[in-house]
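This is what each chain is made of:
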Amino acid sequence: MMFLTSILLPMLLSAQSCLATRATVTNPFAAPCFRAENRSNSAGLPSCSEVQSNYTDRFFRLTSAGSYMNTQWETCQANGSQCLLDWADPSNLLAFETPRICEQGSVPLLTAEIENAQDVATALKRAKLLRMPVVVKNTGHDYKGRSSAPGSFSLWTHKLSDMSHHANFVPEGCDATVSAITIGAGVLTGDLLKFADTNNLTIVGGNDPTVGAAGGWLQGGGHSFISNTYGLGVDRVVQYRVVTADGQYLTASACRHQDLFWALRGGGGGTFGVVMEATVLADPKVPVQVALVSFNANDTTTRALWELVLENQLTWSASGWGGLVNQHQALYVNPILNSSAANASMHPLAEFASNLKDAVVKSVFIELPSYLSFFNTFITPSPAPVGENVALASRLIPASLLDSPDSRSDLLDALLASAANVSDIRIFSTTPFSFNSSSELTSVTPAWRTSVFHVVLDRVWNFNATKSDISDQYEALTASVGSLRDITPPASYQNEGDIHEPDHELAFWGDNYARLLSVKAKYDPDNLFDCWQCVGFKSDAPRFSCYI
Ligand SMILES: Cc1cc2nc3c(=O)[nH]c(=O)nc-3n(C[C@H](O)[C@H](O)[C@H](O)COP(=O)(O)OP(=O)(O)OC[C@H]3O[C@@H](n4cnc5c(N)ncnc54)[C@H](O)[C@@H]3O)c2cc1C
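Since this is a predicted model, take the numbers as computed values, not measurements. (Residues numbered from 1 in each chain as written. Predicted model: local features only at pLDDT ≥ 70, side-chain atom pairs only at ≥ 80, totals over all residues. Heavy atoms only, no water.)

**Concerning the pattern of salt bridges**
Where charged atoms of side chains with opposite charge meet at close range, the side chains can pair. Scanning the entire structure with this criterion turns up 18 salt bridges. Across the pair Arg58 and Asp208 runs a salt bridge whose closest N-O atoms are separated by 2.4 Å. Of this pair, Arg58 sits in helix H3 (residues 58–62) while Asp208 sits in the loop between strand E7 (201–202) and helix H6 (216–220); the two residues are 150 residues apart in sequence, bridging distant segments of the chain. Both residues of the pair, Arg58 and Asp208, count as buried. (Salt bridge = Lys/Arg side-chain N within 4 Å of Asp/Glu carboxyl O. Helix = DSSP H or I, 4+ residues; strand = E, 2+ residues; numbered from the N terminus. Buried < 20%, exposed > 50% of the residue type's maximum accessible area, 1.4 Å probe, protein only.)

**Brief notes about the packing of helix H9 (residues 299–318) against helix H13 (residues 405–419)**
Geometry of a packed helix pair, given as the angle between the helix axes and the separation of the axes. Between H9 and H13, the shortest axis-to-axis distance is 10 Å and the interhelical angle comes to 140°. One way to sum up the angle between H9 and H13 is to call them oblique. Handedness of the crossing formed by H9 with H13: right-handed. Along the contact surface, H9 presents Arg303, Trp306, Glu307, Leu310 and Glu311, while H13 presents Arg408, Leu411, Leu412, Asp413, Leu415, Leu416 and Ala419. For the contact of H9 with H13, the residue count by class is 7 nonpolar, no polar and 5 charged. (Axes fitted to C-alpha atoms, helices over the stretch in contact; angles between N-to-C directions. Parallel < 35°, antiparallel > 145°, perpendicular 65-115°, else oblique. Left-handed = near helix turned anticlockwise from the far one by under 90°. Contact = heavy atoms within 4.5 Å. Nonpolar A, V, L, I, M, F, W, Y, C, P; charged D, E, K, R; others polar.)

**Concerning the domain arrangement of the chain**
Entries for the chain in the domain assignment read domain 1 (8–156), domain 2 (163–285 + 511–544) and domain 3 (288–508). Each of domain 2 and domain 3 was reduced to a C-alpha centroid, and the two centroids are 24 Å apart. The interface is formed by 41 residues belonging to domain 2 together with 49 residues belonging to domain 3. A buried area of about 3,500 Å², summed over both sides, lies between domain 2 and domain 3, and 60% of it is on carbon and sulfur atoms. Linking domain 2 to domain 3 there are 1 salt bridge. Measuring nitrogen to oxygen at the nearest pair gives 2.8 Å for the salt bridge that ties Arg449 to Asp235. For the side of domain 2 that touches domain 3, the elements supplying multiple residues, two or more each, are helix H5 (189–198), H6, helix H7 (227–230), helix H8 (258–264) and helix H18 (513–523). Residues of the side of domain 2 that touches domain 3, tallied by class, amount to 15 nonpolar, 20 polar and 6 charged. (Domains from an automatic or database assignment. Buried area = accessible area lost by both parts, 1.4 Å probe.)

**Brief notes about the site of the ligand**
Taken together, 34 residues lie near the ligand, and Val136, Asn138, Thr139, Asn207 and Tyr493 sit nearest. Asn207 has a polar backbone atom sitting 2.7 Å from an oxygen atom of the ligand. For the ligand, whose free accessible area comes to 940 Å², the fraction covered by protein is 99%. Breaking the shell around the ligand down by element, the ones donating at least two residues are strand E3 (134–137), H6 and strand E10 (274–281). Of all the elements, H6 adds the most residues to the shell around the ligand, at 3 residues. (Near = heavy atom within 4 Å. Polar contact = N/O pair within 3.5 Å; in protein donor to acceptor, adjacent residues only side chain to side chain. Areas by Shrake-Rupley, 256 points an atom, 1.4 Å probe, with all protein chains shown as cover.)

**Digging into the sheet that holds strand E5 (residues 163–169)**
The 5 strands lie next to each other as E5-E6-E10-E8-E9, forming an open sheet whose pairing is antiparallel. Two strands lie at the open edges of the sheet, namely E5 and strand E9 (249–253), each paired on one side alone. Taking each pair of neighbouring strands and ignoring which way they run, the sheet shows an average axis angle of 20°. Sheet analysis places strand E6 (residues 178–184) next to E10, joined by 5 bridges and oriented antiparallel. Among the inter-strand pairings, Thr182 is bridged to a residue of E10, identified as Thr279. (Pairing = 2+ DSSP bridges.)

**Description of the environment of Ser294**
Mapped onto the secondary structure, Ser294 falls in strand E12 (residues 288–295). Looking at Ser294, the relative accessible area reads 9%, which means it is buried. Spatially, the C-alpha atom of Ser294 lies 5.1 Å from that of Lys362, the residues being 68 residues apart in sequence. Aside from chain neighbours lying at most four places away, what touches Ser294 is His328, Gln329, Ala359, Val360, Val361 and Lys362.

Laid out in structure tokens, this is it:
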């Protein structure tokens, strides 16, 4: 279907005007660069040169209803319908000059900007009337395409940006008070961390300033550099307010609609309703210790770093360190040790750095005044790329694999084998390993609690990949994670998992899946909210026709 020129769209618009709706046509992000006759309406769009110069800018992308951070989810991979630029060179004419045209792909046809619960109820009714699949979009960061769908009606939550701190918050129906922050569904991680810091608080947030703090991150798990000590995002929620498929506005807490509360704490975004706000625990602000070693890597030094990490991680996790290791860097943060204890515990890493001699790029062991300070100094300047086509796969690595030299050696071999065939590998020690919580309280796979690493692999491709090239990328990714699958239990992080994860219900939710399915049937019996590999997912629905 050519961008905005189909017969369908004028019909939808006329139906929409009868309904006096606030939904508008969704323009693909790169539309301004394509020939004008492919566009029926360019009012309010940025210029092509603005799109080109900001093509991989996460903040700029946030402003567009038709933008998705991982751009294959703007396209229909099954039939090649797309409106993309060349991310490596956005001025490359081959991406957007004739004969290329801008096509809608999986970008929703219509978008309603949500400002309150009534807007959600109205939008859901309209989508039903128009027989359009519903998607909920917040920041568009999803790695699995769960916030876009061909021909869909999008509920965009980005305007829900309120935040408030409550020194004595009482979750509805409960008695005990907690220190907590209430955030609108559209609040960004970076803004939440700043707000918390200003109020002398520490808050758990994802490792990117533009990931939503209360959308898919907070319903799918939500790992952070400080999750080892403070828990996953879902561990910290004390209340959600949510509009369910029948338009009711419910409060879910440990004392109200407990089944829905449990399901939202890990069952996944876009599945049980539209979350309008969430209230999350806030701890006092504390100084943090930081350890960073980056270096010009070769096979030998990468192997040496990973060996060192596998030998020390159980001790490091037990003493509060969480972080990220890749082929050429180890970055850790610790919110519980003082400076001298931190230096003693990170001595093996410091020694590794000094042995690298001239290959060292940075070796930093410092104390910073707060988690925000760490985040601004070490996370924000080097985030995961966006504006590219990228596929991810993940594996949760049980702590038991670090117990013996033999199992560590098997894990090292598996990591090296996986890394050999991907664009990037990230070994996160961001599981809630040292966080004291019972796994029954949340619906993420219980494997998070016994895992010490969450390993993420990815592969990227550009605008001109054919359907068969893209299939090859997904297949190669699934194969790459195979060496880790062979030595680990079936457990993976749903938000960063393989879209072809075998037995995905077991991998993402473990024993929780059957109960999640019954909560889904209770609150959304008609499967109004459906997304790829989500609870109750029906893979043959037309909304999934673009997956390959
Ligand atoms: C660059 C980058 C960095 C990342 N870093 C981390 C990280 O450090 N830790 C981590 O755990 N994950 C991380 N992720 C993965 C992240 O958890 C997922 O992409 C997550 O789905 C993003 O949620 P969102 O609401 O921001 O995005 P969206 O794409 O807008 O939404 C994602 C899913 O949530 C649903 N959803 C969104 N808002 C609502 C709502 N209000 N109510 C109901 N459903 C909703 C959508 O329908 C969709 O299914 C990262 C992703 C990227 C691209």
